[in-house]
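Breakdown of the fold
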Amino acid sequence: MNELQQQRLSANIHLLGNVLGETIIEQEGHDIFELEEQIRALSKRWRTGDPAAGAAIKALMPGLIDDLPRALAVLKAFTTYFQLVNLAEDEQRVEILRDRAREAQMTGVPMRETLAESVAKLRDEGLSEAEVQHILDELFIVPVLTAHPTETKRQTILAKLSTLSDTLEQITTPGLLPSEERELMEQLREDIVLLWQSDETRDRPPTVLDEVRTGLYFFEVTIFHLIPKIYEELERVLAEVFPGAQFRIPPFLRYGSWIGGDRDGNPFVTLAVTEETLRTMKETVLKQYNLAVDDLYQHLIPAVTRVEISDELRESIVADFKIVPENEVEVLERFRMEPYRQKLIMMFRRLRATRTENERPWDDRARNPRAYRNVDEFMHDLRIIERSLLANNGERLARGRLAALIRQVEVFGFHLATLDMRQHSARQREAVAEIFASYSIFADYQALAEADKLNVLTREIGNARPLTAQLHFSAPTNETVALLRLMRRAKDEIDEDAVQTYIISMTNTASHVLEALLLAKDAGLLGRIDIAPLFETVSDLDAAPQIMAALFENAAYRRHLELRGQRQQIMIGYSDSNKDGGYLRANWMLFLAQRTLARVCDQYGVKLTLFHGRGGTLGRGGGPANRAILAQPPESVRGRVRLTEQGEVISTRYANMALARRHMEQLVNSVLLTAGRRPRFAQEEAWAQRMDALSDIAFHKYRALVTQPEFITYFHEATPIDHIGALNIGSRPARRKATQGISDLRAIPWVFAWTQSRVSLPSWYGVGTALEQWCAADQDASKLAALREMYREWPLFGTVIDNVQMGLAKADMEIASLYAELTDDATRTAIFSDILDEFQRTERLVLLVVEEDQLLAKEPVLRRSIKVRNPYVDPMNYIQVALLQKLKTERNAGRRQQLTAAVLSSVNGIAAGLQNTG
């Protein structure tokens, strides 16, 4: 960021801060404003090394907590400040992107991580036009939105922040008239007052359908409108880099969703909810098409007195008139001189009829003849218009808004996003066991050895007779079976892409996959869906290649693969593997699993698509997605990838149109490059041996911590984990089972709690010990030099170490020590002393490896952002600690409820300040 850019950011933050200050005085009075300013000033002094300032903040806390309305007002002030600062930083990022784009245009050098850069690199690697076309034909990129509960902002707040962002952009536009500036400032003040008077927290957990609607918000606001722009840009760049070449660009970039289909551990995702989700997604995309067709109706005004139309278009209009009610004929006749508008009116009304049909039960066969039966019929009408324009001097018109709508229909169909279904392996195993027992196939299927399970499953998959013609089993088994039937109905009633993938959580045997295939076959889905095993834990990742090899050897599964075009989707989980084995072990096991799975698939002639279950934080596979993709084994991506977009990451990436476009370009850029000629490293085997040793040391260090008797006590007493479940930010329970251990705790609240307490343990713990012990072994002074070489030359190790730097920089042991005081001396000594020692060790060793004297030396913008944010986040941590301390002794139920509400407000505020939370 240059000086001018920094000045723009500072001016915007100052503007928003001033209006917020005015709002606090107006809404709460001078006393609250002065108290907030006092705490902020003390926090700044404490950050500059004044220990007395920290003591002064602590001294303020008891009195503040005793007056909860004042505490909540202070929390609201800091929370709102961060919401506004985040908008200002987003606006600044947009301005920087525009500056870089202008510079690229002037210099002729493509901007980094853009489509222009990736296509130019493919050319420079020596790829021919035919090879680039092959890459395009095989390209497959599917971001998948999930409802994982780390987004603390309600949809109402997201919408208000979007309005504020638009206003801020307008205010900073040069050349405004004084009257225009006054009006915009009044609008800004009004919206900040509304933000102040709103409540960030919900008074109840969101329903699954609430989460569905929140996900759909981002489709309506950005994704639906941006998709054709990405394709248009790729077309432009290809024409520029390969002049004269003709490329076909298939719909390679699509979207998926888990929201409403992920039933692993979420009892609220019922069959009725999933069906309603599918209907709601169809209604959303049909509504968008209605709006787009109406826009085309206003736009396509060529008259037959000026240009001809095709016979095909004329005949289609005649055919449409046959299904038009008599009372509408006269209206349509008014447009006989403008046939494109005439056709579009009928298309608009057919879409409306389709939306009405979407509300009917799927078993109701009394269909409206005007409704589109499927997306192909709608596309057929659009192509008729396109061909007529192209044949009659309308090429420019065909390549404009109409082309954008055609691309949207190619991508979104009548389904909007493919809805994945996820089920736990134990649930489907219990269902199969019950079915087999019911038909006396096996009385105790679960007791069979794995080889015997595979034999019986293979036999039954090949058996033509149905197993579940009637659902007379237990309720859980009936629902498990009915889910597959619902998937078949969705493909028949909505479109083939409405559902494509069935994911099996906690897959650890080949029989888990064949059980899903048996249920799919029984539902009439053999060859119509992907069966995707999800390998999550360290041991499961290690076993994954052997499991897949066993499946590829299985006759029934080979038949399934033939029907799926020899394509296999495999999902790998970043969250549970990290919670299970620590940061370094998880990352290395994920890398090894990907590399070995790719080799197994190559061996059996199977085309692999890896599905990366990444979260927002570093401890859950977060960090820049494009760099992470390029750091994967070259053979594991090859232009095909699915990856989750979870929680607060969705709003970070998709709330702002310009930033969403940047994210999409970065994603496509990296995946395109994986399909090119990737670099090979002569020393990779030696590096891999070092990583084996490093990850083994880190794993034992991590396990030694989390298995200490005092660890669970520390986790529950020195983090807000026991309150996160009450935050009402997700429909899914925080635990798989009602236990207090970490094994059944979901990875998201695990990471969320460590982030709130500023430890960020999942993103760095164990790395320092690994680096130190490996370098110290054999007293070999050259080992540090070897690590430095790995950092410079190997994308994997470079990405891992840079992410550790980020985790260390966002952690804060001074603040973490406040949380440590919430537990007893023995627990604090056993756990926090170890955490502190490892933090200091990791920071020291990482700086030695990267050869810098401060963390994030190569990321000055991020480093400065963290430094500037800390004095504003710290007060909320002080307040949260004081609230947690008070809750330990408070016995009055009403008072405890108030204190808990205040804790949740602090969680919201800290999440806004730290951004990536889980």
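Remember, it's a predicted structure, so these values are computed and weren't measured experimentally.

The next point concerns the sheet that holds strand β9 (residues 640–646). Taken together, the nine strands give an open sheet; going across it, the order is β3-β2-β1-β9-β8-β7-β6-β5-β4, and neighbouring strands pair in parallel fashion. Edge positions in the sheet fall to β3 (418–419) and β4 (421–424), since each has one partner strand and no second. Pairing analysis gives two bridges linking strand β1 (residues 140–146) to strand β2 (residues 256–257), with the strands arranged parallel. Bridge pairing links V144 to G256 in β2. Its contacts with the sheet put helix α21 (residues 538–553) on β6 (530–535) and β7 (567–573), and the angle it makes with β6 is roughly 155 degrees.

Here the focus is the packing of helix α10 (residues 271–299) against helix α13 (residues 339–358). Remark: α10 packs on α13, axes separated minimally by 9 Å, with the N-to-C direction vectors making an angle of 165 degrees. Regarding the angle of α10 to α13, the classification is roughly antiparallel. Where α10 crosses over α13, the two elements pack in a sense that is left-handed. Contacts between α10 and α13 involve R279, K282, E283, L286, K287, Y289, N290, V293, D294, L296, Y297 and Q298 from the former and R341, L344, I345, M347, F348, L351, R352, T354, R355 and N358 from the latter. Along the lines of polarity and charge, the residues of the contact of α10 with α13 split into 10 nonpolar, four polar and eight charged.

One non-glycine residue, E113, lies in positive phi territory at about 60 degrees. Looking at the secondary structure, you find E113 in the loop between α4 (68–107) and α5 (115–124). Judged by relative accessible area, E113 falls into the buried class, the value being 10%. With phi around 60 degrees, Q566 is a residue other than glycine that occupies positive phi space. For Q566, the location among the structural elements is in the loop between α22 (555–563) and β7. Judged by relative accessible area, Q566 falls into the partly exposed class, the value being 29%.

By the element assignment, T480 lies in helix α19 (residues 475–493). Separated by 2.9 Å, the side chain of T480 and the backbone oxygen of P476 make a polar contact. Apart from residues lying up to four places away in sequence, T480 is in contact with Q423, R427, Q428, A431 and L519.

So, on to the packing of aromatic side chains. Applying the stated criterion across every chain yields a total of 34 aromatic pairs. Ring plane angle 80 degrees and centroid distance 6.0 Å describe the contact between W258 and F611, whose orientation is recorded as edge-to-face. Of this pair, W258 sits in the loop between β2 and α10 while F611 sits in strand β8 (residues 607–613), placing them 353 residues apart in sequence. W258 sits in the buried class, given a relative accessible area of 4%. With centroids separated by 5.3 Å and ring planes inclined at 80 degrees, the aromatic side chains of F436 and Y445 adopt a geometry described as edge-to-face. Take F436: its relative accessible area is 0%, and that puts it in the buried class. For Y445, a relative accessible area of 0% gives the class buried. Here a set of aromatic residues connected by ring pairs shows up, and it is made of F224, Y289, Y372, F378, F412 and F414.

The subject of this paragraph is the pairing of strand β5 (residues 501–505). With five of five residues buried, β5 lies mostly within the body of the structure. Judged by which residues are buried, β5 turns out to be covered on both faces: T501, I503 and S505 on one side and Y502 and I504 on the other are all buried. Two strands pair when backbone bridges link them, and β4 and β5 are joined in this way by four bridges, in the parallel orientation. Within β5, the position partnered with H424 by the bridge is S505. In this sheet, β6 lies alongside β5 in parallel orientation, the contact comprising four bridges.

The next point concerns the nonpolar core. Most often, soluble globular proteins have nonpolar side chains that are buried together. One finds Y289 and F797 to be the most contacted residues of the largest nonpolar core, which totals 280 residues. The dominant element in this core, judged by the number of residues it contributes, is helix α9 (residues 208–241), at 16 residues. Formed by eight residues, the second largest nonpolar core is a distinct cluster that contains V142, A532, L534 and M571.

Considering the arrangement of structural elements, one finds H560 in helix α22. When near neighbours in sequence (up to four residues on either side) are disregarded, H560 contacts L517, G527, I529 and I531.

Next up on the list: helix α38 (residues 860–889). Compared with the 44 Å implied by 1.5 Å per residue over 30 residues, the 44 Å span of α38 between its first and last C-alpha is a close match. Maximum bend of α38: about 45 degrees, positioned at N870, with proline P871 one to four residues after it.

Relative to the helices and strands, T468 is located in the loop between α18 (450–461) and α19. Look past the residues within four positions of T468 in its chain and what remains in contact with it is I435, F473, V481, R485 and D522.

What follows concerns the pattern of salt bridges. Considering all chains together, one arrives at 76 salt bridges under this definition. Across the pair E635 and R680 runs a salt bridge whose closest N-O atoms are separated by 4.0 Å. One end of the pair, E635, is in helix α26 (residues 634–637); the other, R680, is in the loop between α28 (657–674) and α29 (684–706), and 45 residues separate them in sequence. Classification of E635 by relative accessible area gives buried; the value is 11%.

Attention now goes to the environment of N374. With respect to the secondary-structure elements, N374 resides in the loop between α13 and α14 (375–391). Look at N374 and you get partly exposed, because its relative accessible area is 28%. Measuring from C-alpha to C-alpha, the distance between N374 and V273 comes to 23 Å, with 101 residues separating the pair along the chain. Reaching out from N374, the side chain makes a polar contact with the backbone nitrogen of D376 at a distance of 3.1 Å.

In this model, the protein carries a mean pLDDT of 91, and residues with pLDDT of at least 70 account for 94%. Note on residues 734–739: pLDDT under 50 across the span, and 17 contacts to partners over four residues away in sequence or across chains.

The subject of this paragraph is the pairing of β7. In terms of burial, β7 is a largely internal element, six of the seven residues being buried. Where β6 lies against β7, two bridges are found, and the strand directions are parallel. If you follow L534 over to β7, its bridge partner there is M571.

What follows covers the packing of α9 against α10. Interaxial distance between α9 and α10 falls to 11 Å at its minimum, and their mutual angle equals 25 degrees. When the axis of α9 is compared with that of α10, the two are roughly parallel. Remark: the crossing between α9 and α10 carries right-handed chirality. The segment α9 lies against α10, with V208, L209, V212, L216, E220, F224 and H225 engaging V273, E276, T277, T280, M281, T284, V285, K287, Q288 and Y289. Counted by class, the contact of α9 with α10 contains nine nonpolar, five polar and three charged residues.

Definitions and limits used
- Residues numbered from 1 in each chain as written.
- Predicted model: local features only at pLDDT ≥ 70, side-chain atom pairs only at ≥ 80, totals over all residues.
- Heavy atoms only, no water.
- Pairing = 2+ DSSP bridges.
- Helix = DSSP H or I, 4+ residues; strand = E, 2+ residues; numbered from the N terminus.
- Contact = heavy atoms within 4.5 Å.
- Axes fitted to C-alpha atoms, helices over the stretch in contact; angles between N-to-C directions.
- Parallel < 35°, antiparallel > 145°, perpendicular 65-115°, else oblique.
- Left-handed = near helix turned anticlockwise from the far one by under 90°.
- Nonpolar A, V, L, I, M, F, W, Y, C, P; charged D, E, K, R; others polar.
- Buried < 20%, exposed > 50% of the residue type's maximum accessible area, 1.4 Å probe, protein only.
- Polar contact = N/O pair within 3.5 Å; in protein donor to acceptor, adjacent residues only side chain to side chain.
- Phe/Tyr/Trp six-rings, centres within 6.5 Å; stacked < 30°, edge-to-face > 60°.
- Core = buried A, V, L, I, M, F, W, Y, C linked by side-chain atoms within 4.5 Å.
- Expected span 1.5 Å × (residues − 1).
- Bend = angle between axes of the 7 residues up to and from the residue.
- Salt bridge = Lys/Arg side-chain N within 4 Å of Asp/Glu carboxyl O.
- pLDDT = per-residue confidence, 0-100.

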